[in-house]
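Letter by letter, the chains look like this.
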Amino acid sequence: MKKDLKEFKTFPSSTIKEIQRAAKEGIYQIRGLGAKRKVPDFDDLVFLGASMSRYPLEGYREKCNTSVILGDRFAKNPIKLDIPITIAGMSFGALGANAKEALGRGASAMGTSTTTGDGGMTKEERGSSKYLVYQLLPSRYGMNPDDLRKADAIEIVVGQGAKPGGGGMLLGQKINKRVAGMRTLPEGIDQRSACRHPDWTGPDDLEIKIQELREITNWEKPIYIKVGAARPYYDTTLAVKAGADVVVLDGMQGGTAATQDVFIEHVGIPTLGALRESVDALKELNMHRKVQLIVSGGIRTGADVAKAIAMGADAVSIGSAAMMALNCNADLYRKDYEKLGTEPGYCHHCHTGKCPVGVATQDPILEKRLNPIEGGKRLKNYLSTLTLELQTLARANGKSDVRNLEPEDLAALTVEAAAMARVPLAGTDWIPGLKK
Amino acid sequence: MNLDLNKKKLREINQLLQNVSREKNNRSFQILNPQGQHAICAGLKDDIEVSIKGHTGYYCAGMNKNASITVHGNVGTGVAENMMSGKVIIKGNASQSAGATGHGGSLIIEGDASSRCGISMKGINIIVKGSVGHMSAFMAQKGNLIILGDADADLGDSIYEAKIFVKGKVKSLGSDCIEKKMDDKNIKELNKIFKDLNISEDAKKFKRYGSARNLYNFKIDNVSSY
């Protein structure tokens, strides 16, 4: 930009461009993945580490436990994961069968779980997943009692961080014969998954729904309730009241296969603030660590995992980052990115079905670009890296179990993060919003 | 065999019914004193017969496969929700979301059904001998909703490929739902359903409703329909 030109703060060039696009097309933009705007996040926190008053563990020698048990409140068969990092629900339809298989392979190699999505359970993901969480969504596409019994846990999806209050959307270009068959709908039509469940409307009903699911599955499976980060204090309280074994909280940075851009960027609250509210609710109910809390939405590094656990989560879940481990947004097939009007590092065109790297597509030619075995190895390596980073930080804070990390180990770098995470601003004892 | 919910726990009874041995001759059961309990006969798997003597709560016969279940009373929300196959007969009335998301089998309601009957149905046949409430067959994907009485407002809103047959009056149709020609093929199909289920009705007296298929792909020209 030329130095003597002054851009409108209210109308920067990107805004003008969007106004003119809207004026031309008359319709909102739909896209995939999560929020692109900057929000307070785990980067705004730091660990304090050990000091005179805190004794560290030897980084390479002393054990640091990463395992976690999920769902031991009511379920006969809770899940014991080797690492507290799970793979979030992503549908077959949004992702191709190779991607689903790769996720299963990578997660299983690390002793953790993967999750179905809005489209039912495929044999590839069940076959490749040691622990598979089966989602019960409003659409109930592909839902059946046999798959319910094959699952290791059941996740009732109330909302999603990218779009709390919104239903699913899978555009017609991704609906091939197999996807359509699993969803009992014609090929090539836009599939609008409902935003509300068809047979329950509130927490009192949900309690009864959970009872039904437990009756069908012999009270064996842990029942998760997934909520988007809208009113996490109340939603967590109501989920516990409804009888959840596990609460899954998805912050606004969480991704989606396809939703209106205005929804992704303007609905829901950041993971950082949502997590703290949810932990508050569990503690007030005396259910912290009894009902496990999985948090998702913008988890990228072992530091993010460690900070989430220190704030009170029992585990995290990754979606977008897992896709990136499979090569989403990798600098490959540049010409195909260009055809979509984007480039590696910026692509959010999951909704088109033309994923250049073969992850979010049903196109048989594009899908071949993702080998599920190699993809599984990359995901395993990524999960392994996150786990090592998590252990490194836990040991540095003197913890022999990652779940012993605590808010006291953290400081905030910004006033916003201090207020949201309710940890002191670094170098002070000030927590905005807390009376001394 | 009589199973008394005053004497046995729901879990005990459901577990027994979910695991009836094929080698045993006893494949007929009566449930006594249901007293509005929820999830009675949820998740049955095999071709057994169950007769429930009284009213049930939510999700009676949920996700049923193969079993024939008769309720001699009224049922709560979500009867036979997500049913895969088999037959469920309700002698009384049904609350909302009857047969929701059902994939197969037959649900026969001899009384009335409340709102959202057949919501998101995926292949089930639902026959309501009385009337249905508003938003019935909302986003219905496949199967037949057959109403011998009347239908309240917004019938078949955002319907996909399911078919609706109504003998009585329809208060209003929902978005993208239209009346369609009742041709010989439809009459034959509907009469076959009546015959198979031993219902004495004449398909010629019914009107057929289904999707105009205008909203299958989002177009800005259709935005006023939403």
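To keep things clear, this report deals only with the structure shown in the data block. For every chain, the first residue of the written sequence is number 1, and numbering continues from 1 along that sequence. As they are written, the chains are lettered A onward and the ligands numbered 1 onward, keeping that order. Local features in this predicted model are restricted to residues whose pLDDT is 70 or higher, and side-chain atom pairs enter the listing and the counts only when it is 80 or higher, whereas totals over whole chains, interfaces and linings include all residues.

## Focus: the overall build of chain A
Move 1: The secondary structure content of chain A amounts to 15 helices and 16 strands.
Move 2: Radius of gyration means the value over C-alpha atoms here, while the globule rule gives 2.2 Å times the residue count to the 0.38 power. By the compact-globule yardstick of 22 Å for 436 residues, chain A fits well, its C-alpha radius of gyration being 21 Å.
Move 3: In terms of overall dimensions, chain A has a C-alpha envelope of 70 × 60 × 45 Å along the principal axes.
Move 4: In this description, a residue-residue contact is defined by the distance between C-beta atoms placed from the backbone, which must lie within 7 Å. Across chain A, the fraction of contacts at a sequence separation of at least 24, relative to all contacts at a separation of at least 6, is 68%. In this text, helices come from DSSP runs of H or I with a minimum length of four residues, and strands from runs of E with a minimum of two, each type numbered from the N-terminal end.

## What to know about the packing of helix H10 (residues 302-310) of chain A against helix H14 (residues 372-396) of chain A
Residues and elements named next belong to chain A.
Move 1: Think of each axis as a best-fit line through the C-alpha atoms, taken over the contacting stretch in the case of a helix, with angles from 0 to 180 degrees between the N-to-C directions. Where H10 contacts H14, the two axes come as close as 7 Å, and the packing angle between them is 55 degrees. In terms of orientation, H10 lies oblique with respect to H14. In this structure, H10 meets H14 at a crossing whose hand is right-handed. Listed contacts from H14 to Gly302, Ala303, Val305 and Ala306 of H10 are Thr385, Leu386, Thr387, Leu388, Glu389, Leu390, Leu393 and Ala394.
Move 2: The residue classification treats Ala, Val, Leu, Ile, Met, Phe, Trp, Tyr, Cys and Pro as nonpolar and Asp, Glu, Lys and Arg as charged. All others, Gly included, are polar. In terms of residue class, the contact of H10 with H14 is built from eight nonpolar, three polar and one charged. Reported orientations rely on four angle classes, namely roughly parallel under 35 degrees, roughly antiparallel over 145, roughly perpendicular from 65 to 115, and oblique for the rest. Note: crossing handedness is left-handed where the near helix turns anticlockwise from the far helix by less than a right angle, and right-handed where it turns clockwise.

## Considerations on unusual backbone geometry
Move 1: Of note, threonine 184 of chain A is a non-glycine position whose phi angle comes to about 55 degrees, a positive value.
Move 2: The burial label depends on the number of other C-beta atoms within 10 Å of a residue's C-beta. Counts of 20 or more mean buried, 12 or fewer mean exposed, and intermediate counts mean partly exposed, with C-beta atoms placed from the backbone. According to the C-beta neighbour criterion, threonine 184 of chain A is buried, with 23 such atoms within 10 Å.
Move 3: If you check the backbone angles, alanine 137 of chain B has positive phi at about 60 degrees while not being a glycine.
Move 4: Residue classification places alanine 137 of chain B among the buried positions, given that 34 C-beta atoms sit within 10 Å.

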